[in-house]
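# Working through the structure, step by step
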Amino acid sequence: MNELRAAPLRHGYGTNGLTDLRLDDALALLADLGYDGVGLTLDHMHLDPLAPDLAARTARVARRLGELGLAVTVETGARYVLDPRRKHGPSLLDPDPDDRALRVRLLVTAVRVAADLGAHAVHCFSGTAPPGTDPDTAWKRLAEALGPVVEAAAAADVPLAIEPEPGHLLATLDDFHRLRGATGDPGPLGLTLDIGHCQCLEPLPPADCVRAAAPWLRHVQIEDMRRGVHEHLPFGEGEIDFPPVLDALVSVGYRGLTVVELPRHSHAGPELARTSLAFLRSRTPEGDPAA
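Fair warning: this is a prediction, and the values are worked out from it, not measured in the lab. (Residues numbered from 1 in each chain as written. Predicted model: local features only at pLDDT ≥ 70, side-chain atom pairs only at ≥ 80, totals over all residues. Heavy atoms only, no water.)

### Describing the confidence of the model for the chain
With 96% of its residues at a pLDDT of 70 or more, the chain shows a mean pLDDT of 95. Below pLDDT 50 for its whole length, residues 287-291 participates in 15 contacts with residues either more than four positions away or in separate chains. (pLDDT = per-residue confidence, 0-100. Contact = heavy atoms within 4.5 Å.)

What follows is the structure in structure tokens.
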């Protein structure tokens, strides 16, 4: 009798690395290359969450994803979608409650879009603490602001996957567990694990981070990176040993998308999408297609 193997990884590519392409062209490209899915960043060029007729536009994208056989995660890392002058602003940590509410509304909208697309998770992050904000105040703001988003995620049955981001209030796996404690460990609250970020600043090697994060893992982003330098790099240009990382994702039974995250490389997006998938396939252990 053959030993039962874990399910194979499902590879995706982030639309934030394909911003020079129309969304339909980007989706067709990924399907043609053989990707299993897409990390769809809601932004002005790709399913603008603030433009009119969002429900109708979302329905069209859902149909297209179905035609192409692509799974999807909804990502919310657009740099200037809310404020053309402040990168990632306003955030969940802003001192002005009205500004925090803008970010909350965007995330609730993202949950609704994710439900309509059949997405397996909604990605988000904490943001950076404004200058002069003491840590306790920042953590309180984050926990309170996420409340309505977690409620929306529960109602929609779509996991919320918050990402530890270098330089943000929630920057590490330890910070994620602090948030879980501050919010009462709600069921919909899960984790986005960025493999490059693990290499950048976590004390554990990336493969060990995967195993430590496994119970809460809802979304994975992947790229190369160097220790102590937060720069998303194409595979082979950083320091990560990928086979142990990919083996860990398979061994813990991760079933979501593993999405290539190269947001500063759109100028070479189509070619990097091709070479990235070849790289990952050549280093990923085989799973059981029937699992």
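### Some thoughts on unusual backbone geometry
Negative phi characterises most residues that are not glycine, and trans characterises most peptide bonds. The omega angle of the peptide bond from Gly 89 to Pro 90 is -15 degrees, so this bond is cis rather than trans. Non-glycine residue Asp 53 carries a positive phi angle of around 60 degrees. With respect to the helices and strands, the residue Asp 53 is situated in the loop between β2 (37-41) and α2 (54-68). Take Asp 53: its relative accessible area is 60%, and that puts it in the exposed class. Even without being glycine, His 88 reaches a positive phi, approximately 60 degrees. (Helix = DSSP H or I, 4+ residues; strand = E, 2+ residues; numbered from the N terminus. Buried < 20%, exposed > 50% of the residue type's maximum accessible area, 1.4 Å probe, protein only.)

### Notes on the packing of aromatic side chains
Using the criterion set out here, one finds five aromatic pairs in the structure. Taking 5.9 Å as the distance between ring centres and 70 degrees as the angle between the ring planes, the aromatic pair formed by Tyr 13 and Tyr 35 counts as edge-to-face. You can see Tyr 13 sitting in strand β1 (residues 10-14) and its partner Tyr 35 sitting in the loop between α1 (23-33) and β2, a full 22 residues away along the chain. For the pair shown, Tyr 13 and Tyr 35 are each scored as buried. Judged by centre distance (4.8 Å) and plane angle (5 degrees), the rings of Phe 235 and Phe 279 are stacked. With Phe 235 in the loop between β9 (229-233) and α8 (242-251) and Phe 279 in helix α9 (residues 269-283), the pair connects residues that are 44 residues apart, well separated along the chain. Of the residues examined, Phe 235 reaches a relative accessible area of 13% and is grouped as buried. Aromatic rings pair up to connect Phe 235, Phe 242 and Phe 279 into one cluster. Note that Arg 283 overlies the ring of Phe 279, its terminal NZ or CZ placed 3.8 Å from the centroid. (Phe/Tyr/Trp six-rings, centres within 6.5 Å; stacked < 30°, edge-to-face > 60°. Lys NZ or Arg CZ within 6 Å of the ring centre and 35° of its normal.)

### What to know about the nonpolar core
Core analysis: the largest hydrophobic core is formed by 77 residues, its most contacted members being Tyr 13, Leu 47, Val 74, Leu 117, Leu 142, Leu 160 and Leu 193. Per element, the largest residue contribution to this core is nine residues, and it comes from helix α4 (residues 135-156). Residue contacts for Leu 193: discarding those within four places in its chain leaves Leu 173, Cys 198, Cys 209, Val 210, Ala 213, Leu 217, His 219, Val 220 and Gln 221. (Core = buried A, V, L, I, M, F, W, Y, C linked by side-chain atoms within 4.5 Å.)

### A closer look at the environment of Tyr 254
Along the polypeptide, Tyr 254 turns up in the loop between α8 and β10 (257-260). With 247 residues separating them in the primary sequence, Tyr 254 and Ala 7 have C-alpha atoms 8.1 Å apart. The residues contacting Tyr 254, other than those within four sequence positions of it, are Leu 9, His 120, Leu 217, Arg 218, His 219, Val 220 and Leu 249. At 3.1 Å, the side chain of Tyr 254 and the backbone nitrogen of Val 220 are in polar contact. (Polar contact = N/O pair within 3.5 Å; in protein donor to acceptor, adjacent residues only side chain to side chain.)

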